[in-house]
Amino acid sequence: MLDSVSTRRLFLQRGLTLVSAAVTVPTFLDNTVLALDQKADGARVQQASGKDGKILVVIQLSGGNDGLNTVIPWADDAYHKARPAIRHDPKDVLKLNNYVGLHPNLAPLKELYDNGKMAVIQGVGYPNPNRSHFRSMDIWHTAQPDNEVATNGWLGRFFDNTCAGVDPHVGVSIGATAPLAMKGDRITPLSFERPENYRYTGKDRERYEELNQADDAPATQPAEPSAPKTAREKFEQAKIERAKTKIEITPASQMEFLTRTAMDARVSSDDILRMTRGHNPQYQYPANGFGQGLKTIAAMIKGGLPTRVYYVSLGGFDTHAGERGRHDQLMQQLAQGVSAFLKDIQQQENDDRVLLMTFSEFGRRVTQNASGGTDHGAAAPMFLFGKNIQQGVLGQHPSLTKLDQGDLIYTVDFRSIYATILQKWLDTPSKAILGSQFPTMEKLLRV
Amino acid sequence: MPKLHPLLEPFVPTSDDPFDAVKAAHLLNRAGFGGLPDEIARIQSMGPQAAIDLLMDFPDARAEEVSQSDLPDLSSIEGYPKSFQEIRKLYAGKTQDERQAIQQMLQQANREAIAATIAWWMKRFANGPYPLHEKLVFMWHGHFTTSAKDERAAALMWNQNETIRRFAAGNFREFVKGISRDPAMLDYLNNTQNRKQKPNENYARELMELFTLGIGNYSEDDIKQAARAFTGWTHEDGEYRFRKYDHDEGAKAFFGKRGNFNGDDIIDIILMHPACAPYISTKVFRWFVYEEIEPGLAESLASILKQADWDLRPLIRTILSSKAFYASRTIGSQIKSPVQLVVGTVKLLELEMPPPLRLYGSLEQMGQVPLMPPNVKGWPGGRMWINTSTLFVRYNTCVFLAGGSAPMRQIKAIGKGANKNARASAEATGSFKPTVDAPPKELVDYWVNRLIQRPIPDDKKQILLDSLGTNPTESSLKQMIQLIVSMPEYQLC
């Protein structure tokens, strides 16, 4: 099997030396390769392999995960009193300290904790918590509680601010549509439910590819060796022409834009399909969308996609009724997925550069409701996993008796965690992305 | 009155620059959802002015005033409780579990009605009696946004669609006053919670920021004052209600004026703001023509709207008749919205509109489900429609409509439990059956003309000809058509 580096190099050769016009260079190469001036293509190939960049994997627990039945305050009478029907018996809880412990089905995570690869942050939330799924999810995604019309998310703004060029691979989301968190003004991440869907499904692929090349690209005709330079000059020339008229959008520029996107899509689809098909880890991922999504992500990391952030969701946490059965099952899926993923990553020797983060739009009410479930709440714990986290239980656990409308009062603003990840993991100043400087948690990461 | 901007002067055909089939097709694309060859020929023979007369000949009326039979099937919410009191009655004497079951049943019925409304609208886009009216309703739906998500009542969503229908080409002032009383809007932007004791500023803010003026043309205090004027504007039994005791009767200082203003007064004052007419008229221009507008155009467009005392028809007519509308930079420069792409394909291939369950997932992945705009700003449009993921979905969806294989797992049901049906209907292959009735070259020309409606380069025609083969069969023709809808040219109109 060809690895991605060598095929990418092949593509570069095909793209830059056999084809003469700028329009045939995929968009995500032009701002990088063409900006490299006279440097050898090799520099970009190194960069594109993504073998050294740090990676963040975000796991979204959709529906409002019950934090109190995830990280259980087993030693607090108030917990047992508030939840007679859905509480966990202290003897089943996987104790982390003399106050909290993990849900009994999180045994694989407890193992990670004991091996120093898991951190628990307690009481994470934000001021004036919103109890609507949609609004609160938006708040976590945009990190802008006061802006109801934000069109970009915190990770999208990270891409916009720090990722050169418009490589669509910087963010990859497993799901039908990209989450708001990943949407930038300039960069939209890739998103697909399954890699098999991220491709052209028409029968005549060959002619489809020909029809999606630029008009003036004689793909079979070898060009002069100086083609890249010419391509750049042509591209610059077209830009100048457009600047003169101040009109960017014309039928021709739209065709160019579409053709370039189609070529981007083709290259990345080929890459991703090859990587995922060739990835058969020995670890058992859960057989649902979440587990398979994590497996796909592991394959893309292994394949060396230059991605900084991956995103995957596990849904079904809206446990208003009959919480125990469903929530117990979800805990098991979460634990199995994360555990298989980390083993997979470790075997690839990529564990040094991968950080996982879980979050949910809110936790749930302290007191159970009359249907053996819990209603929408506020603050809840977050998990971080990886070789570079500082193991432990961080932050102060919210009081179970001093509540705000029946809900836990947050002790850690989620934007502090975002700020920590941005600054210490993604190596970028967080203020520009989060709007103001949130205090970072010095003890969270060992980097 | 300032002189009309030269680009807004009417396009007059000449022998050098005739009203040809490309221009006639362009008019039908932009002022509707595309036209078949005979429709294009008819429009072309009429000439641009008569064609616009025909397109603009629709009543400013609700769909139910026009036809009692062509309406969405809302039977699933027949007898659905209309108010909180009625829901309470349903819950009375029930256990928590029974209440939960009732709630789930109600939500399911509501989602079915939403799906039926989307289905009805998609059909109407393709085959409704007044394509331009439909296009305008769709534009305003993305302007005065309300989303059906968050379990918003289907009956209210339908009523809002009808309200928009009445005003889409009517008087903008009346439109704003109407939409400010619309129950779905009052819900969506929380004006139902806007009370004298505890004002909610959401509606007042979006009214100015998004609906009338644009950001930067008002202060935070203007928002506070305007919010007070809208206190007590709420709804009951699906109708607008003014709750006197929730309304703030005090004096408000707004845009340099002072008085005991109510919501209507605020709207009148906003419309006098110099930013309003340019903001609205350029929005209409950008929707129909192009996004990057020349200096002076906004002022000229605004004066048309004000001259007509906010009647939208003269503005729409000027825009669709203008030189700018038929300029070479305009034709084929607009990226089709997902709805335009799907509806246009169904129309141009003369298909039945597939049931919404078969299309919903695709539309969602392309970024546009009618009745479900992503947020209060509506759909962004333009190049934002296109990225590597959505481009595949767009191509694959069109190939599917043209009789190709179903895009896997793009089929999603709106309501739970409907998944099985959705999958079953997805498995049935498209009903598209083109006829081989001409020699290969003519077939290529015919189908490129019918689908792309603009000339394409010869080498691309040759590729299509090669795919057709020397002895075309129904199957090779179908494949060629699938290739045409997978061309970047097909993404544009």
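Counting restarts for each chain: residues are numbered from 1 in the order of the written sequence. Here the convention is simple: chains get letters from A, ligands get numbers from 1, in the order in which they are written. The predicted nature of this model means local features are confined to residues of pLDDT at least 70 and side-chain atom pairs, given and counted, to a pLDDT of 80 or more, with totals for whole chains, interfaces and linings taken over all residues. Hydrogens and water are ignored here; the side-chain numbers use all heavy atoms of the structure.

Novice: What is the right way to look at the overall build of chain A in this model?
Specialist: For chain A, the count of helices and strands is 14 helices and twelve strands. Within chain A, buried positions represent 60% of all 447 residues. Within chain A, contacts between residues at least 6 apart in sequence are counted, and of these 73% link residues at least 24 apart. With an accessible surface of roughly 17,500 Å², chain A has 49% of that area assigned to carbon and sulfur atoms. For helices the rule is a DSSP run of H or I covering at least 4 residues; for strands it is a run of E covering at least 2, with both sets numbered from the N terminus onward. Between buried and exposed lies partly exposed: a residue is buried under 20% and exposed over 50% of the maximum accessible area for its type, with that area taken using a 1.4 Å probe on protein chains only. Only heavy atoms enter the contact rule, under which two residues are in contact if any of them lie within 4.5 Å. Accessible surface is estimated by sampling points in the Shrake-Rupley manner with a 1.4 Å probe; for residues, cover comes only from the protein chains shown.

Novice: Looking at this model, I keep getting lost on unusual backbone geometry. Mind explaining?
Specialist: Trans is the common state for peptide bonds, and a negative phi is the common state for residues other than glycine. The phi dihedral of Gln405 of chain A falls on the positive side, at around 50°, and the residue is not glycine. Take Gln405 of chain A: it is sitting in the loop between β11 (392-394) and β12 (412-413). For Gln405 of chain A, a relative accessible area of 60% translates into the label exposed. Phi at Phe255 of chain B takes a positive value of approximately 50°, unusual for a residue other than glycine.

Novice: Explanation requested: the interface of chain A and chain B in the structure shown.
Specialist: Note on interface size: it is often stated as the accessible area lost on association of the parts. Contacts between chain A and chain B engage 54 residues on the former and 51 residues on the latter. Simply put, the buried area is the total loss of 1.4 Å probe accessible area from both parts when two parts are fitted together. Summing both partners gives a buried area of about 4,600 Å² for chain A against chain B, and 60% of it is carried by carbon and sulfur. Together, Val149, Leu211 and Leu258 of chain A form the three largest contributors to the area buried by chain A at its contact with chain B, with a combined 15%. Salt bridge, as used here: a side-chain nitrogen of Lys or Arg that lies within 4 Å of a carboxyl oxygen of Asp or Glu. Along the contact surface separating chain A from chain B lie zero salt bridges. Polar contacts, as counted here, are pairs of nitrogen or oxygen atoms within 3.5 Å of one another; within protein the pair requires one atom able to donate a hydrogen and one able to accept it, and residues that are adjacent in sequence qualify only if both atoms are side-chain atoms. Inspection of the region where chain A meets chain B yields 13 residue pairs in polar contact (both at pLDDT 80 or more). Among the elements of the structure, β7 (190-192), α8 (205-211) and α10 (251-277) of chain A are those that each provide at least two residues to the side of chain A that touches chain B. Counting residues per element, the side of chain A that touches chain B draws most heavily on α10 of chain A, at 13 residues.

Novice: So what exactly am I meant to see when it comes to the pattern of salt bridges here?
Specialist: Should their charged atoms come close, side chains of opposite charge can pair. All names here are of chain B. The full count for this structure, using the stated rule, is 41 salt bridges over all chains. Between Asp309 and Arg173 there is a salt bridge; the shortest N-O distance is 3.4 Å. Placement of Asp309 in the loop between α15 (297-307) and α16 (312-321) and of Arg173 in helix α9 (residues 172-179) is noted, with a sequence separation of 136 residues between them. Residue Asp309 is classed as partly exposed on the basis of its relative accessible area, which comes to 41%.

Novice: When you look at the packing of aromatic side chains in this model, what are you seeing that I'm missing?
Specialist: A ring pair, where both rings are aromatic, is described by two values, the distance of the centres and the angle of the planes. Centres within 6.5 Å are what make two rings of Phe, Tyr or Trp a pair, Trp counting through its six-membered ring; a difference in plane orientation under 30 degrees is then read as stacked, over 60 as edge-to-face, and the rest as tilted. Applying the stated criterion across every chain, the model contains 41 aromatic pairs over all chains. With 5.6 Å between their ring centres and 80° between their planes, Tyr208 of chain A and Tyr395 of chain B make a pair best called edge-to-face. Of this pair, Tyr208 of chain A sits in helix α8 while Tyr395 of chain B sits in helix α20 (residues 388-401), each in a different chain. Given the relative accessible area of 3%, Tyr208 of chain A is considered buried. A connected cluster of aromatic rings, assembled from ring pairs, spans Trp140, Phe144, Phe167, Phe172, Phe175, Tyr203, Phe211, Phe230, Trp233, Tyr240 and Trp310 of chain B. Sitting over a ring, as applied to charges here, requires NZ of Lys or CZ of Arg to be within 6 Å of the ring centre and within 35 degrees of the ring normal. Here Arg415 of chain A stacks its cationic end above the ring of Phe414 of chain A, 5.7 Å away from the centre of that ring. Positioned above the aromatic ring of Tyr290 of chain B, the side-chain terminus of Arg329 of chain B is 3.4 Å from the ring centre.

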